[in-house]
Every structure is written in structure tokens, then in C-alpha cells.
Protein chains: 2
Amino acid sequence: MVAASHSNDNQEKTKLIIEAAQKRFGVYGLMKTTMREIATDLNMSKGLLYYYFPDKEHLYKAVVEKEQNEFLEILKDKIEKNPDPEENLKEYVNLRMSYFKSLLNLNRLSFDSSEEIKSIMSDVWIEFRNKEIAIIKKVLKKGIDLESFNISKVDESAILFVDLLKGLRNMEINKKRIFFIDEIEYDLLSKKSNDFVEIFIKGLKYR
Amino acid sequence: MVAASHSNDNQEKTKLIIEAAQKRFGVYGLMKTTMREIATDLNMSKGLLYYYFPDKEHLYKAVVEKEQNEFLEILKDKIEKNPDPEENLKEYVNLRMSYFKSLLNLNRLSFDSSEEIKSIMSDVWIEFRNKEIAIIKKVLKKGIDLESFNISKVDESAILFVDLLKGLRNMEINKKRIFFIDEIEYDLLSKKSNDFVEIFIKGLKYR
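So, here is what we can say about the structure in this document. (Residues numbered from 1 in each chain as written. Chains lettered and ligands numbered in written order. Predicted model: local features only at pLDDT ≥ 70, side-chain atom pairs only at ≥ 80, totals over all residues. Heavy atoms only, no water.)

**With respect to the nonpolar core**
- One finds Leu89(A), Phe161(A), Leu89(B) and Phe161(B) to be the most contacted residues of the largest nonpolar core, which totals 124 residues.
- Once you skip the residues sitting within four places of it in the chain, Leu89(B) turns out to touch Ile136(B), Val139(B), Leu140(B), Phe149(B), Phe161(B), Val197(B), Ile201(B) and Leu204(B). (Core = buried A, V, L, I, M, F, W, Y, C linked by side-chain atoms within 4.5 Å. Buried < 20%, exposed > 50% of the residue type's maximum accessible area, 1.4 Å probe, protein only. Contact = heavy atoms within 4.5 Å.)

This is how it looks when you write it as C-alpha cells:
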């Protein structure tokens, strides 16, 4: 009983730490945030913070995973509530753009200094991409069942859709050496992504 | 008369140097090729080579420009000879993939060490992208005139088409820290690009 309650305490503490880190990273980015600042925000000693997370990078990873899961939950919920597969694809594009923006805020790190974090994050991103593809695949299948999409290779089409949008986003951040885009660039990228999804949907509908 | 002939000599020499550099870069890449080797290939002193090109980076730039112009000439020629705008888009995708491959061979440099060359090449790439977009725009217009494409924003669609393909290519090389892809990755990327152009064309045709 005591052990269980202790474990619940641990879970609650972990949750609070991740939330505090999320706020700090969201405003100052990964590089400009220190473990000391996060500990101070929580009225916690630095030593205790390190008991929960071995370093800043693993805390960052936990924050990204939290945001990924939130994004996936909202997306699934929206898709379940809306029976129209075309609108589902558009919802995905817009929701994904918002998530991209929040992620850039979380990050704000230069490409050069990101080798360590890239290696820590690699699995997280692969898993996330697979989950995204699985959701899009379900939408495409729904479109086939409703006879509104004409697709021969569902897997390939889902991967292609996710990757084409990812390619557009990457191009915007690759232009510079920092993970940050301003409002104008964000709006332009949103417009481009929406133009893309319009043509892609028509392409799927064409008989 | 003597001056003119001297200038012709210069042009001829420049052409020979670029051709020799193209071969070296194509086999060993930019980083592993030295100006000394290129001079030796030409039975030329290193000093004389530097009279024509101030450094290896500017010689590399001249080689890339040569290949870009060759690509654009072949593309224009193919498009002029084939009246079908759909096939023109497919021709572009395949030709662009081959050019991408030759460019990777030419380069083979790691991302980290490419700041200087990136800054030298920046204008060259912007100009090339604009030329590509102009050609695709012409193809889309042809498709509209033939009433085979249904496009409201020709400029935006041309840019989107070129950028989506660029995004796919970038993603493949961004996975690693080196400008090189093997045959399997190249075939996968070709397949993806071809799948993309199929859907995109259907999207343009949809009424």
C-alpha cells in the first residue's frame, strides 16, 4: 500500500516536471533552458530533478512524447467524429501544422549542436511517423470503402502523403540553420500544404 | 585578331578545365579532389589552373552550372518534342532524378563542412529552381490550353510541384550526414517520385 502510493507520487512528480519543462522549452527552447531553471520553477532541488531525469535531453524527449501523444489523440478524435475522409485529410494537415509550430518553439536549437539530441530522438520520431501513417492509412481505407477514393496501393499512398508534407516542412527549416520560422513563413507553408492536399485529394478521387 | 584568338584559347582552356574537374568530382567528390590532381589530369601547372579559377569551390560551381544547363537543355528539348503535358511532367521527374544522382556523385561532401560551398552555390541554386519552375509552368499552361488540366493557380501549382519533389529528395539525403544515396535508396526515391507524379497529374485533371 505504501509502495503503491509512493509510485503514484512518483508518477505525479514526473508529470509535474514534464509540464514545467514543456513551458520552459516552449518559451526559451531546448538550448536556452537549464535543468536548474526547471528545478526552480518547481521549487525542487536540482539533485531531485536529476533523480527523475538523467539529463535535459531525456526530459526534452519526454516533453516531445507528451506533445506527440496529445496531437495523435486530438487527431484520432477529430477523425472519428467526422465521417468525411476528404475533410479528415485536411484536418490532419492543419493540425499537423500547429503541432509543427509548437515543436519548433520547443526546440529552437541550431542544427550544428543537435547531434546528441538527434540520436536520442531518432526512435521517438520513427515511432511517431509510423503512427501518423497508420492513421492516414485508416482514412484512405475509409475513403475507398465509401467509394470516394480510387487507390490501388493504400500503404504507399499513406506514406507518400505523410512524407510529401514532411518534405515541405523540412524545406522551410532547412533554408536556415535554426529550427524556427516566423509568422509569414508559417502562413506560406500552411497555404502550400493546403494547396497540396487539395490536389492530392483530387488525385485520389480521379477515376 | 590576336586578342580574339587569345580569348578563344581562354574559352577553350576553361572548357577543358571544367570537363576535367567534372570527371574528378564525379568519381571522388568535391572534398576528396584537389586542384593539383585536376592540373595533373590536364598536364597543366597548378599556377596556371589558379589563373582560370581562384579556388576549387568556384571550379565546382562552374561544373554544377554546366550540368544544370545540360539538364535544362535536354528537358526543354524533350518537352518540345512531346506534345503531351502529362508525359512531360513524368519526363521531368525521371530526368530530374538522374540529374540528382549525378549531382550527389559530384558532391559527396558531408553537411558539416559545406558552409563555404553552400554560400557560393546559393545563387546558382535559386536561379536553377526558377528555371525549373518556369519550364513546369509552361507545361501546365500547355495542359490548360489542351483542356487536359484544370488549374486555377498556375504559378503556385508549378512551385508546389517542384518543391514537393525537392522535399522528397531532401528527405532521403537528410537521413544521413552525407550527400550520397545507394542504388536501393535511389530506386525507392524514384518509385516514390513516380507515384507522386501519378497522383498529382490526376489531381490536375480532376473536374
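**Some thoughts on the interface of chain A and chain B**
- Between chain A and chain B, the residue contacts involve 28 residues of the former and 28 residues of the latter.
- Counting the surface lost from both chain A and chain B, the interface buries some 2,500 Å², and carbon and sulfur atoms represent 64% of this.
- Summed over the shared surface of chain A and chain B, the result is four salt bridges.
- Residue Asp163(B) is joined to Lys192(A) by a salt bridge in which the shortest nitrogen-to-oxygen separation is 2.5 Å.
- Linking chain A with chain B are six residue pairs in polar contact (both at pLDDT 80 or more). (Buried area = accessible area lost by both parts, 1.4 Å probe. Salt bridge = Lys/Arg side-chain N within 4 Å of Asp/Glu carboxyl O. Polar contact = N/O pair within 3.5 Å; in protein donor to acceptor, adjacent residues only side chain to side chain.)

**As for the packing of helix α5 (residues 85-107) of chain B against helix α6 (residues 115-145) of chain B**
All names here are of chain B.
- In the contact formed by α5 and α6, the axes pass within 9 Å of each other and the chain directions differ by 160°. The orientation of α5 relative to α6 falls into the category roughly antiparallel. Once α5 is placed against α6, the crossing between them reads as right-handed. Across the interface between the two elements, Pro85, Asn88, Leu89, Tyr92, Arg96, Tyr99 and Leu103 from α5 touch Trp125, Phe128, Glu132, Ile136, Val139, Leu140, Lys142 and Gly143 from α6. (Axes fitted to C-alpha atoms, helices over the stretch in contact; angles between N-to-C directions. Helix = DSSP H or I, 4+ residues; strand = E, 2+ residues; numbered from the N terminus. Parallel < 35°, antiparallel > 145°, perpendicular 65-115°, else oblique. Left-handed = near helix turned anticlockwise from the far one by under 90°.)

**Points about the relation of the copies chain A and chain B**
- Superposition record for chain A on chain B: RMSD 0.0 Å, screw rotation 180°, translation along axis 0.0 Å. Interpreted geometrically, this transformation is the action of a two-fold axis.
- Mapped onto chain B, 100% of the interface residues of chain A again fall at the interface, so both copies present the same surface. (Least-squares fit on C-alpha atoms with pLDDT ≥ 70 in both.)

**Topic: the pattern of salt bridges**
Residues and elements named next belong to chain B.
- All chains considered together, the criterion is met by 32 salt bridges over all chains.
- A salt bridge links Lys66 to Glu70, with the shortest nitrogen-to-oxygen separation between them at 3.0 Å. Note that Lys66 and Glu70 are positioned in helix α4 (residues 56-81) at a spacing of four residues, about one turn of the helix.
- Take Lys66: its relative accessible area is 23%, and that puts it in the partly exposed class.
- Given the relative accessible area of 35%, Glu70 is considered partly exposed.
- Between Asp77 and Lys81 there is a salt bridge, and its shortest N-O distance comes to 3.0 Å. Residue Asp77 and its partner Lys81 are both found in helix α4; the two are separated by four residues, about one turn of the helix.

**So, unusual backbone geometry**
- The phi dihedral of Glu147(A) falls on the positive side, at around 55°, and the residue is not glycine.
- Mapped onto the fold, Glu147(A) is located in the loop between α6 (115-145) and α7 (154-174).

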